[in-house]
Amino acid sequence: PEEPLQSDCCGQGCNPCVFDIYESDIAKWKKKCRRILNNEEDFLEDTTKNCRLAGIVLDQFTSLQIISIQKITEKLITYRFKLPNNKPLNLNPGQHLLLAHKANDFMLTRQYTPISSVDTVGYFDVFIKIYDNGKMSDQIRQWHVGDYAMWRGPYGDFQYLPNQCKKILMLAAGTGVAPMIQIIRYVINNENDDTLLHLILSVKYYDDIALKHDLDAFKQYWNVTVEYVLTCEKDTKKFKYGDKITLSKVDHQFLEKVLFPPSQNSKVLICGTKSFEKDMIKYLKQFGFTEENYFKF
């Protein structure tokens, strides 16, 4: 494995970071070397078996083709990638993938959570926000249907078991709604799962609500509540009937109205910007929540 440069790290706290991947690759490489030296030829069988079961693997990046591009807003776009031989991702709810782009010996990596169902085979969907001055965004902006991108995974320590919790409160900001969408799909697709889900999505403006069509569909299920918190919106005329909207911020005062007492039968999930996640954890601790009661993606 080739050691990444210090400049290859984006500094955004990705999990895994390019250096985490490098250390993992080095450990796997050393293990395979030992098995070769010890004439343990079955190490190849382990890798090929893993490749047969899933469309992508942890051990290496896989080149996948873009088969559709759907623009949600000017800066939010959904990309669909084809998986070889109609394979699944073998993804658990809440897990993410790693996208890589290498040019001129410079490696960029970013993590994205598929929004398609974990049971989907043959393809997966991710929605990506395009930033004006983002290094990876500059590459993604040039994507067209038929192009290829390098993916690897899945990653993530979140573990979901049906009915393990009675209630789950989801605190998301912007594109941080992605893992929440994935988990909601998983719950509603299991008719035996009675977990109550309450999604609170914070965005600046009404038009910033990504995948609102999907979120509106989720509200039709008895155990799903979707609430939008708009921090900068002034025009209330565009709101649709049935929308549950608060013109405010997700702060201590707001959470006091929606939080349940911390217990083993409930969980709070957090995903958003660094500042959003930091604030949510601060507020939760003020209400007596511990790391056992919440999970940050």
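Residues numbered from 1 in each chain as written. Predicted model: local features only at pLDDT ≥ 70, side-chain atom pairs only at ≥ 80, totals over all residues. Heavy atoms only, no water.

Quick look at the packing of aromatic side chains
Reasoning step 1: One pass over the full model with this rule turns up 12 aromatic pairs.
Reasoning step 2: Pairing Tyr112 with Trp151 gives two aromatic rings, centres 6.3 Å apart and planes at 70°, and the pair type is edge-to-face. Taken together, the residues Tyr112 in strand 4 (residues 106-112) and Trp151 in strand 6 (residues 148-155) connect sequence positions 39 residues apart.
Reasoning step 3: On the basis of relative accessibility, which here comes to 15%, the residue Tyr112 falls in the buried class.
Reasoning step 4: Site record: aromatic cluster; members linked through ring pairs are Tyr79, Phe81, Tyr112, Phe124, Trp143 and Trp151.
Reasoning step 5: Over the ring of Phe61 we find Arg152; its NZ or CZ atom is 5.3 Å from the centre of that ring. (Phe/Tyr/Trp six-rings, centres within 6.5 Å; stacked < 30°, edge-to-face > 60°. Helix = DSSP H or I, 4+ residues; strand = E, 2+ residues; numbered from the N terminus. Buried < 20%, exposed > 50% of the residue type's maximum accessible area, 1.4 Å probe, protein only. Lys NZ or Arg CZ within 6 Å of the ring centre and 35° of its normal.)

Describing the side chain of Thr62
Reasoning step 1: Along the chain, Thr62 turns up in strand 1 (residues 62-71).
Reasoning step 2: The contact partners of Thr62, leaving out residues within four places of it in the chain, are Gly55, Ile56, Val57, Ala149, Met150 and Trp151. (Contact = heavy atoms within 4.5 Å.)

Structural notes on the sheet that holds strand 11 (residues 266-271)
Reasoning step 1: A sheet is described by the order of its strands in space; here six strands give the open sequence 10-9-8-7-11-12, paired in parallel fashion. The two strands at the open ends of the sheet, each matched to only one other strand, are strand 10 (245-247) and strand 12 (294-296). Mean inter-strand twist for the sheet, computed between neighbouring axes without regard to direction, equals 15°.
Reasoning step 2: Pairing between strand 11 and strand 12: three bridges, direction parallel. Bridge pairing in strand 12 links Ile270 to Lys296.
Reasoning step 3: Sheet contacts for helix 7 (residues 274-286): strand 7 (167-173), strand 8 (196-203), strand 11 and strand 12; angle to strand 11, the most-contacted strand, approximately 155°. (Pairing = 2+ DSSP bridges. Axes fitted to C-alpha atoms, helices over the stretch in contact; angles between N-to-C directions.)

Re the nonpolar core
Side chains of nonpolar character tend, in soluble globular proteins, to be buried together.
Reasoning step 1: Within the largest apolar cluster, 33 residues are counted, with the highest numbers of intra-cluster contacts made by Met170, Leu199 and Leu215.
Reasoning step 2: Looking at this core, the elements with two or more residues in it are strand 7, helix 4 (178-188), strand 8, helix 5 (212-218), strand 9 (224-230) and strand 11.
Reasoning step 3: A total of seven residues in this core trace back to one element, the largest contributor, which is helix 4.
Reasoning step 4: Two domains each put at least three residues into this core: domain 2 (53-155) and domain 3 (167-296).
Reasoning step 5: Non-local contacts of Leu215, meaning those with residues more than four positions away in its chain, are made with Val177, Ile181, Leu199, Leu201, Ile209, Ala210, Val226 and Tyr228.
Reasoning step 6: With 23 residues, the next largest nonpolar core counts Ile66, Val126, Ile140 and Ala149 among its residues. (Core = buried A, V, L, I, M, F, W, Y, C linked by side-chain atoms within 4.5 Å. Domains from an automatic or database assignment.)

Focus: the pairing of strand 2 (residues 76-82)
Reasoning step 1: For strand 2, the tally of buried residues reaches five of seven residues, placing the bulk of the element in the interior.
Reasoning step 2: Where strand 1 lies against strand 2, five bridges are found, and the strand directions are antiparallel. Each residue of the ladder has a partner; that of Lys71, found in strand 2, is Ile77.

Regarding the UniProt feature "binding site: FAD" (unreviewed entry) in the chain
Reasoning step 1: Per the UniProt annotation, the sites labelled "binding site: FAD" (unreviewed entry) are Arg110, Tyr112, Lys129, Lys135, Met136 and Ser137.
Reasoning step 2: Within the secondary structure layout, Lys135 lies in helix 3 (residues 135-140).
Reasoning step 3: Excluding residues that lie within four positions of it along the chain, Lys135 makes contacts with Phe106, Leu108 and Arg110.
Reasoning step 4: Summarising the element assignment, Ser137 is placed in helix 3.
Reasoning step 5: Beyond its immediate sequence surroundings of up to four residues, Ser137 is in contact with Lys129, Ile130 and Tyr131. (UniProt positions renumbered as here; feature names shortened; annotations may be inferred.)

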